[in-house]
Amino acid sequence: MQSRAPGFLRPEQSEPIVPIQEEKIRECCPGLKVEPWCGGKDDGVHPYWGPIRDSMTGFAVDETIRFRCSSGGAISALAMHALETSRVEQVLHIGPDPKAPLGNVTILSRSAEEILEGAGSRYAPSSPLQDVEKLLDAGVPTLFIGKPCDVSALRRLGRIDPRVDEVFPIKLSFFCGGVPSHQGARNIVASMGLDHETVAQFDFRGNGWPGPTVARDMDGRHAEMEYEESWGRYLSNEVQFRCKICPDPVGGVADIACADAWYGGESGYPQFAEAEGRSLILARSKVGRRLLQDATMAGYLVVQNLDPREIDLMQPAQARRKRLIAARMAACRLANRPVPDTRNLQVATAARQASIGALAREFLGTVRRIIQGRI
Ligand SMILES: Cc1cc2nc3c(=O)[nH]c(=O)nc-3n(C[C@H](O)[C@H](O)[C@H](O)COP(=O)(O)OP(=O)(O)OC[C@H]3O[C@@H](n4cnc5c(N)ncnc54)[C@H](O)[C@@H]3O)c2cc1C
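Keep in mind it's a predicted model, so treat the numbers as computed, not measured. (Residues numbered from 1 in each chain as written. Predicted model: local features only at pLDDT ≥ 70, side-chain atom pairs only at ≥ 80, totals over all residues. Heavy atoms only, no water.)

S.K.: What exactly am I supposed to notice about the sheet that holds strand 10 (residues 222–225) here?
M.R.: One key point about sheets: their strands pair by backbone hydrogen bonds, in either a parallel or an antiparallel sense. If you walk across this open sheet you meet the 3 strands as 8-9-10, and the pairing is antiparallel. The sheet terminates laterally at strand 8 (199–203) and strand 10, the two strands that pair on one side only. Averaged over all pairs of adjacent strands, the angle between strand axes in this sheet comes to 10 degrees, irrespective of strand direction. Bridge analysis of strand 8 against strand 9 (residues 213–217) gives 4 bridges, and the strand direction is antiparallel. Residue pairing for strand 9: Gln201 is matched across the bridge by Arg216. Against the sheet, helix 9 (residues 227–235) touches strand 9 and strand 10, its axis set at about 75 degrees to strand 10. (Pairing = 2+ DSSP bridges. Helix = DSSP H or I, 4+ residues; strand = E, 2+ residues; numbered from the N terminus. Axes fitted to C-alpha atoms, helices over the stretch in contact; angles between N-to-C directions. Contact = heavy atoms within 4.5 Å.)

S.K.: In this structure, what is going on with the domain arrangement of the chain? I would like to understand it.
M.R.: Size of an interface, as often reported, equals the accessible area lost when the parts are brought together. Its domain assignment divides the chain into domain 1 (25–179 + 239–371) and domain 2 (182–235). The gap between the C-alpha centroids of domain 1 and domain 2 is 24 Å. For the pair domain 1 and domain 2, the summed buried surface comes to about 2200 Å²; carbon and sulfur atoms form 62% of the total. The interface formed by domain 1 and domain 2 contains 1 salt bridge. Here Arg205 and Asp260 are joined by a salt bridge, their closest N and O atoms 2.7 Å apart. Seen at the junction of domain 1 and domain 2, the total is 11 residue pairs in polar contact (both at pLDDT 80 or more). When its residues are assigned to classes, the side of domain 1 that touches domain 2 shows 14 nonpolar, 7 polar and 6 charged. (Domains from an automatic or database assignment. Buried area = accessible area lost by both parts, 1.4 Å probe. Salt bridge = Lys/Arg side-chain N within 4 Å of Asp/Glu carboxyl O. Polar contact = N/O pair within 3.5 Å; in protein donor to acceptor, adjacent residues only side chain to side chain. Nonpolar A, V, L, I, M, F, W, Y, C, P; charged D, E, K, R; others polar.)

S.K.: Can you walk me through the nonpolar core in this structure?
M.R.: When a protein is soluble and globular, its nonpolar side chains tend to lie buried together. Phe168, Phe175 and Leu280 are the most contacted members of the largest nonpolar core, which has 40 residues in total. Contributions of two or more residues to this core are made by helix 5 (132–138), helix 6 (148–160), helix 7 (163–167), strand 14 (279–283), helix 12 (311–314), helix 13 (316–334) and helix 14 (347–351). Ranked by size, the runner-up nonpolar core spans 30 residues in total, among them Leu78, Ala79, Ala119 and Cys258. (Core = buried A, V, L, I, M, F, W, Y, C linked by side-chain atoms within 4.5 Å. Buried < 20%, exposed > 50% of the residue type's maximum accessible area, 1.4 Å probe, protein only.)

S.K.: What is the right way to look at the sheet that holds strand 14 in this model?
M.R.: Within the open sheet, the 8 strands sit side by side as 5-4-6-7-11-14-3-15. Their pairing is mixed. Each end of this open sheet is capped by a strand with a single partner; those strands are strand 5 (104–109) and strand 15 (301–305). Strand-to-strand, the axes of this sheet are offset by a mean angle of 30 degrees, without reference to chain direction. Each of strand 3 (54–60), strand 4 (90–96), strand 5, strand 6 (142–145), strand 7 (170–174), strand 11 (256–260), strand 14 and strand 15 is contacted by helix 3 (residues 74–84), which is oriented at about 170 degrees to strand 7, the strand it contacts most. Contacts between helix 11 (residues 286–297) and the sheet are confined to strand 3, strand 7, strand 11, strand 14 and strand 15, with strand 15 contributing the most and set at about 120 degrees to the helix.

Below you can see the structure in the form of structure tokens.
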């Protein structure tokens, strides 16, 4: 995977691809096919939030983990539990690139300390599956943490390669508002008055909930920005278009998906005021339910039941986007632009919950952006 302007990771072909590999790519690439959700709306699958076995809020019992991690530290605590109870021998996820701290590298963690080093949300491109073939060959039981599209790709690979579920018995994900290019973080650093070439450490958030965006340079200079500004003003503007038509941004095929359990404000929109971390935790499969129950019993997590209707108040931007992606995709189809296969992801059901006016505005807005060459 190579970084291409304005800073997205793209696959680079280094040798001829034989037809069987080509077919594998066609089946698994989430730009083309997204793994369908299990069940339909008659099985209680929510059109925005996907399949839900258990809907909870919670946080890591260990104060350091809760503080350091992105939301309440649920993902890291679950991974630590799986590792320390020998369900897996390692955790495949991402962390900051030591050579270019605005970016990410794929890491294999074999201890709680290493898991914590990779904790926190990193709003920059990542490719945690880049060495999946090598890991499948090595056969070491591994817990996987990745974006919803990464888990979708892994599930699809599992359809044609039976080793996937043996090597990756647990797959965790998070709600994803989209991946910004590296330019997003560079713009933050520039607005802080620092040079991105000399940044030695960069945290997008964490160390609190949501915690500030923090940059430190090689001369020891340090600057901070509130999360609301770094995401709202800089990062969200750099999100790639594929993410804006993502039919499964909620990790619907992960065993467990986590998100920010924001507290809804009076306006009906979430408050980003600093608070003690709290994760939204959705167990989606038998494997996920079991892991969540065991981690809670073993004292890694504290959880509380949550009525799934509450998620609408915590995640209004995700709900709105799911309602509107059908309109965005219709515009793409009209312009002969590629869109991913959205079968069994409740895109049409979600669209029926939007007003005709909102769908029409979104459709025309997307057509305009295509004509202006902004997509
Ligand atoms: C690009 C992006 C967009 C997001 N959008 C939303 C959103 O719209 N709504 C919402 O509620 N939550 C969103 N999140 C998720 C949220 O920020 C938290 O990650 C989630 O609530 C889990 O918190 P935690 O404390 O349990 O995670 P932690 O315990 O801190 O663990 C986070 C894990 O995610 C992995 N990770 C971090 N960044 C990436 C990345 N770029 N690619 C792959 N893996 C990564 C880390 O390696 C770590 O293992 C987003 C996260 C990212 C990275």
